[in-house]
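If you want the building blocks of each chain, they are given just below.
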Amino acid sequence: MKTPKTLFLAWQDPISRYWFSIGRLTFDGRVYQFVYTQGVKEAEAKCAFNPLSSFPYLDEVYTSTQLFPVFANRLMSRSRPDYSSFMEWLNIPKDEHDPMTILARSGGERETDTLAVFPCPEVNAQGQYHLYFFSHGLRHLPSCAIERINQFESGKKLWLAHEFQNPYDAQALILTTEDHYIVGYCPRYLLAEIFELIRHKLNLEVQVERVNKAPTPFQFRLLCKMTVQASKDYRPFSSLHYQPLIAEFARSRPHSQLNC
């Protein structure tokens, strides 16, 4: 599978539960680079976001020959006995050890903080791109919904439904079956991009990629694949929120040259 070159970092305000895209990680095969994105301005204005301790300056370009700890700490150790099972949950070949690939598929979410990771996909020769994500909120669904999910096969089509009465997010997107069975939610940090796709009237389709049954943790039960038919005048994650807060060619301060 193709290694993603760009990952975005999302932050969730612990009080309002709103998600914001705040940073961008890139890798050129030699050096990792992290910059804050324009979305951090909204996070500051609405939820008093403070810079991460790993990246204390908003106007900085951080570079490193090793993956920054804030991202590396989201990778499961290959020495853990359940590592092989984890790779199966992600539907990634067991011999694939690229950290960008694993983070892109897993989301890098941890119960101990409020950060998540998602990739910027590349358009293929057919003019399509794919987004993979795990269905959220499964632990809150009734047992009959979990039983329904366990019956899914790869390739089954799912539908997106707009939920206006979600107490945490009035624009939540539900994942449903054709007969309106709720099987979870799209990750809220992807909603801004999905609504942009809908606004541009682009064709998108969501399918089941893989089902991992118990005792797999709920957060890795239902892996979905969204396929988007791109257009010439629209590129994925190209809106202002995902653009660097400073120019790419901005000069880094000496302390940002890290070798972790």
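You'll find the structure just up there.
First, a word on scope: everything that follows refers to the structure included in this document. Fair warning: this is a prediction, and the values are worked out from it, not measured in the lab. (Residues numbered from 1 in each chain as written. Predicted model: local features only at pLDDT ≥ 70, side-chain atom pairs only at ≥ 80, totals over all residues. Heavy atoms only, no water.)

**As for empty space enclosed by the protein**
Then step 1. Counting across every chain of the model gives 1 cavity of 30 Å³ or more.
Then step 2. As for the largest cavity, its lining consists of L138, I146, I149, N150, V211, N212 and R221.
Then step 3. Here the element with the most residues in the lining of the largest cavity is helix α5 (residues 143–150); it accounts for 3 residues.
Then step 4. Of the residues assigned to the lining of the largest cavity, the class counts are 4 nonpolar, 2 polar and 1 charged. (1 Å grid on protein atoms, 1.4 Å probe; cavity = no way out; pocket = protein on both sides within 12 Å on 5 of 7 lines; lining within 4 Å. Points joined across faces, edges and corners; volume = space filled by probe spheres on them. Helix = DSSP H or I, 4+ residues; strand = E, 2+ residues; numbered from the N terminus. Nonpolar A, V, L, I, M, F, W, Y, C, P; charged D, E, K, R; others polar.)

**Some remarks on helix α1 (residues 39–47)**
Then step 1. Looking at α1, one finds that the buried residues are G39, V40, A43 and C47. What you see down the axis of α1 is that its buried residues fit within an arc of 105°, all on one side.
Then step 2. Trailing α1 by a residue or two, A48 shows a phi angle of about 55°, which is positive. (Buried < 20%, exposed > 50% of the residue type's maximum accessible area, 1.4 Å probe, protein only. Arc of directions from axis to C-beta.)

**Focus on the nonpolar core**
Then step 1. Core analysis: the largest hydrophobic core is formed by 38 residues, its most contacted members being F118, F133, I149, F152, L222, M226 and F237.
Then step 2. Secondary-structure elements contributing two or more residues to this core are β1 (6–12), β5 (115–119), β6 (128–134), α5, β8 (172–176), α6 (191–199), β10 (204–211) and β11 (222–229).
Then step 3. If near-sequence neighbours (up to four positions away) are discounted, F118 is found in contact with L7, F8, A10, S21, Y189, L190, F237 and Y242.
Then step 4. Counting residues in hydrophobic clusters, the runner-up holds 26 residues, among them F20, F34, C47 and L52. (Core = buried A, V, L, I, M, F, W, Y, C linked by side-chain atoms within 4.5 Å. Contact = heavy atoms within 4.5 Å.)

**Comments concerning the pattern of salt bridges**
Then step 1. Applying the stated criterion across every chain, the model contains 6 salt bridges.
Then step 2. Salt-bridge contacts for D113 lead to R74; the nearest nitrogen and oxygen are separated by 2.3 Å. In this pair, D113 is assigned in the loop between α4 (99–106) and β5 and R74 in the loop between α2 (69–72) and α3 (83–90), connecting sequence segments 39 residues apart.
Then step 3. Taking the relative accessible area as the measure of exposure, D113 reaches 27% and is therefore partly exposed. (Salt bridge = Lys/Arg side-chain N within 4 Å of Asp/Glu carboxyl O.)

**Describing the state of the cysteines**
Then step 1. In total, this model carries 0 disulfides according to the counting rule given.
Then step 2. For C120, which is in no disulfide, the shortest distance to another cysteine sulfur is to C186 and amounts to 17 Å.
Then step 3. With no disulfide partner, C224 has as its closest neighbouring cysteine sulfur the one in C186, 7.3 Å distant. (Disulfide = S-S within 2.5 Å.)

**What to know about the pairing of β8**
Then step 1. Counting buried residues along β8, 5 of its 5 residues qualify, which places the element largely inside the surrounding structure.
Then step 2. As defined by bridge partners, β8 adjoins strand β9 (residues 182–185) across 2 bridges and the pair is classed as antiparallel. Within β9, the residue paired with T176 across the bridge is I182.
Then step 3. Hairpin connection of β8 to β9: 5 residues between the antiparallel strands, including H180 at a positive phi of 70°. (Pairing = 2+ DSSP bridges.)

**Description of the side chain of T176**
Then step 1. Tracing the backbone shows T176 in strand β8.
Then step 2. If sequence neighbours within four positions are ignored, T176 has contacts with L158, W159, A161, Y181, I182 and V183.

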